[in-house]
Amino acid sequence: MSGIRNKSNIALIGMPACGKSTIGVIVAEALNRPFIDTDSIIQEINGKPLWRLLEDEGREQFLMLESDAVCSLSCANSVIATGGSVVYSEKAMEFLKSIADIVFMEISYPAVAKRLAHLDIQKRGVVMHNEKKLLELYEERDRLYRKYADYTVAADERTVEELAARLIDVIRKSTAEE
Ligand SMILES: Nc1ncnc2c1ncn2[C@@H]1O[C@H](COP(=O)(O)OP(=O)(O)OP(=O)(O)O)[C@@H](O)[C@H]1O
Ligand SMILES: O=C(O)C1=C[C@@H](O)[C@@H](O)[C@H](O)C1
Ligand SMILES: [Mg+2]
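Calculation rules
Residues numbered from 1 in each chain as written. Chains lettered and ligands numbered in written order. Predicted model: local features only at pLDDT ≥ 70, side-chain atom pairs only at ≥ 80, totals over all residues. Near = placed C-beta within 6 Å. Helix = DSSP H or I, 4+ residues; strand = E, 2+ residues; numbered from the N terminus. Contact = placed C-beta atoms within 7 Å. Nonpolar A, V, L, I, M, F, W, Y, C, P; charged D, E, K, R; others polar. pLDDT = per-residue confidence, 0-100. Pairing = 2+ DSSP bridges. Axes fitted to C-alpha atoms, helices over the stretch in contact; angles between N-to-C directions.

What follows covers the site of ligand 1. The immediate surroundings of ligand 1 are formed by 19 residues, with Gly19, Lys20, Ser21, Thr22 and Gly84 found nearest. For the shell around ligand 1, the elements supplying multiple residues, two or more each, are α1 (20–30) and α9 (160–177). Among the elements that make up the shell around ligand 1, the one with the highest residue count is α1 (4 residues).

Below, the structure is given as structure tokens:
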């Protein structure tokens, strides 16, 4: 599907549990923009929860399905929450960069570890090699998130409300710069 290739969208990227979905929906509502969660789209297209898809298809195929779902987006003026693993697909990231300003929600390793410890990682689904430790995953991904980011927002030690306010600020400034 050919997408609307303008940069009127905002795409949130970052580690799992950094708050892309939680904050994205609040920001979209405050700015009166549509909210899109690519994880929901992957689930709708494939008819399965993400963790099940990962389990059934394996890492590489999941990443292909994620890339396909992202590249099928056709939207404008929207706030897009991505999945944490989207940065493994250069194709998906190039597509996202063509339709959106990319905001990296930066979160420290201890904060990610703490958040994921509180969530059921099996039932949530995180793309990692079994042998890979969370710290290695963090370091590998951190480089990729930085590579694609147009803006970086510290997502640690901010409440959901504070973080949403900070993102709204960044988005308003990015729109004003155009
Ligand atoms: N600023 C915050 N402070 C404290 N907890 C937060 C904050 N933002 C999100 N959370 C909590 O962290 C958890 C994960 O958040 P969320 O699902 O939004 O992450 P995500 O970035 O969308 O992850 P994924 O990549 O897996 O989709 C949720 O339980 C949410 O309530
Ligand atoms: O960070 C990850 O590896 C993932 C995060 C989720 O948003 C999903 O996209 C999927 O479960 C993989
Ligand atoms: Mg999410």
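Here we come to the environment of Asp37. Structurally, Asp37 can be placed in strand β2 (residues 35–37). The sequence separation of Asp37 and Ala11 amounts to 26 residues, and the corresponding C-alpha distance is 9.7 Å. For Asp37, the contacting residues outside a window of four places in its chain are Ser21 and Ala81.

The immediate surroundings of ligand 2 are formed by Pro16, Asp39, Leu50, Gly83, Gly84, Ser85, Gly125, Val126 and Val127. Tallied by class, residues from the shell around ligand 2 come to 4 nonpolar, 4 polar and 1 charged.

Detailed reading of the predicted coordinates is not advisable wherever pLDDT falls low. When the pLDDT values of the protein are averaged, the result is 91; 93% of them are 70 or greater. On the interface metric, ipTM, the complex scores 0.96, and its pTM is 0.94.

Here we take up the sheet that holds strand β4 (residues 100–106). Here we have 5 strands laid out as an open sheet, ordered β2-β3-β1-β4-β5, and parallel in their pairing. Since the sheet does not close on itself, it has two edges, and those belong to β2 and β5 (151–154), each with one partner. Sheet twist, expressed as the average angle between the axes of neighbouring strands with direction ignored, equals 25°. Pairing analysis gives 5 bridges linking strand β1 (residues 9–13) to β4, with the strands arranged parallel. Counterpart to Ala11 in the pairing with β4 is Ile102.

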